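One-letter residues, chain by chain:
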Amino acid sequence: NWYEKEFGSINIGDKRLNKRAIKVAGDLSNQLSAPINQASQDWKSTKAAYNFFDNDKVEPDKIYAPHIENTVARMKNYETVLAIQDTTSLNYGSHEAVKGLGHIGKEGTRGFMQHNTLIVTTDGLPLGLIDQLVWTRTETIEEKKKNTTSSIEEKESYKWLRGLKKTIEKAPSATKVITVCDREADIYEFFDEAEINNAKLLVRLKANRKIENSNKPIKTYLQSQEVLTEYEFKVPKKKGEYPARLAKVEVRYASLMISAPKHLEDSVSNTEIEMQGIYIKEINTPEGVKPIEWYLLTNDEIETTEDVLEKIRWYKTRWMVEIYHKVQKSCCKVEDCRLETIDRLACFIALESIIAWRVLWLTYCNRVEPDAPAETVLSRNEIDILEARANKYSKGFKRKPAKIRKVKQAILAIASLGGHLGRVNDDAPGIIAVSRGLQSLYFLLEGAELESVVKRYG
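As a starting point, this report considers the structure included with it.

The rules we used
Residues numbered from 1 in each chain as written. Predicted model: local features only at pLDDT ≥ 70, side-chain atom pairs only at ≥ 80, totals over all residues. Heavy atoms only, no water. Phe/Tyr/Trp six-rings, centres within 6.5 Å; stacked < 30°, edge-to-face > 60°. Helix = DSSP H or I, 4+ residues; strand = E, 2+ residues; numbered from the N terminus. Buried < 20%, exposed > 50% of the residue type's maximum accessible area, 1.4 Å probe, protein only. Contact = heavy atoms within 4.5 Å. Polar contact = N/O pair within 3.5 Å; in protein donor to acceptor, adjacent residues only side chain to side chain. Pairing = 2+ DSSP bridges.

We now examine the packing of aromatic side chains. If you walk through the whole model with that rule in mind, you get 12 aromatic pairs. Look at F53 and F348: their rings are 5.9 Å apart centre to centre, the planes differ by 70°, and that puts the pair in the edge-to-face class. Of this pair, F53 sits in helix α4 (residues 43-54) while F348 sits in helix α12 (residues 342-368), placing them 295 residues apart in sequence. Residue F53 is classed as buried on the basis of its relative accessible area of 2%. Judged by centre distance (4.6 Å) and plane angle (25°), the rings of Y279 and Y295 are stacked. Of this pair, Y279 sits in strand β9 (residues 272-283) while Y295 sits in strand β10 (residues 293-298); the two residues are 16 residues apart in sequence, bridging distant segments of the chain. Taking the relative accessible area as the measure of exposure, Y279 reaches 5% and is therefore buried. With relative accessibility at 7%, the residue Y295 sits in the buried group.

This part takes up the environment of K200. When you line up the elements, K200 lands in strand β6 (residues 200-204). Along the sequence, K200 and G447 sit 247 residues apart, while their C-alpha atoms lie 50 Å from each other. Beyond its immediate sequence surroundings of up to four residues, K200 is in contact with K176, V177, I178, T179, N299, D300 and E301. Side chain to side chain, K200 and E301 meet in a polar contact 3.2 Å long.

What follows concerns the pairing of β10. Across the 6 residues of β10, 5 count as buried, placing the element largely inside the fold. Relative to β10, β6 runs antiparallel, the two sharing 3 bridges. Bridging from a neighbouring strand, R204 pairs with L296 of β10. Examined bridge by bridge, β9 and β10 share 6 bridges and lie antiparallel to one another. Its bridge partner lying in β10, I278 is registered against L296.

Taken by themselves, the reported measurements are silent on function.
Laid out in structure tokens, this is it:
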């Protein structure tokens, strides 16, 4: 079982708790959307799960530790990977029994903030979390707006620097790591931290900051550069806003020297940092659709047009962390948990975060490494059950018995249990079909086990 391998090195300080962690992880991963009591299936297991989350020895960092260890091991297989950082909120506003939750955006909402650093290959295969920070806000929205004079270490935006430091600390030395972030990470202290540690960044610009090599602000300066090349890429549909399309963009590029804001000159190590700027603007956009417009900053080397296009492809991969957040909330139903203290909830979130990664990994293994052996993603027993189901429904048809030898066959078989039709023109299965299929596969496996019990004792 995947969870026995992923959590195999867990060390909570008690062998019984280590075994219980693996058992709870297995129960929750087998029934992704089920509450603890349903996933545990009986009162004894349910009580043991509640006691596990309530134990003072059980801490989120101890739950993350074996997964991060395995993430680092997976990173070693790749020359270059992306460390994608992003923040989301977990809403427990309707869970009134929990005390100590903070605001998460709109007035009246309560819950946790969560900042993830997800390691993804340049081809888009999620390898796991290398860091996760979960916290509750103590300031109100009004207090937060007034807090403009604190140092970066005292601000919530320090999460970006923390994620970078954790990545530098844990990443294998032989693997090149590019930290990829959206506009919220456009912070000079973040660039300074990367410069100090010789860490590579790719960040979307938010501020139209001044630069040393022009009297124009950075965005205007990038717009004024000659078109380097044109580039096309697929844009997935956004429900209610626009259909999928092939976007054509103009690409401009320039070397830049960004300088520290005056109020930071005495607190940063580098008052000037050399960066590379890339400007992407969609042309011939369909009517009624807002054109793509990105300003990207990177400190990674750029020597050729292909290097520029490589950075654009890397930034497109940033969306993977958004999908990861969707798995947490829509597939694993992490916001539906009703544990009654923030400490218990934090441990539950840690466990479910790793389970959510596995669903995401399965879904994208099919897209990135479809011809890998099926045993890469499933046990022999799971493959046998899927083959038996496929052959059951092929009776009466003149075709060979189904054999599942490759990842793409395995994931399609799982997704078919979750409602994916697998027609010729259908897209690859998504996270919803895969997560539903995994739950159905568990019930098929359980049914097979029960049948053997009936034969033995019936």
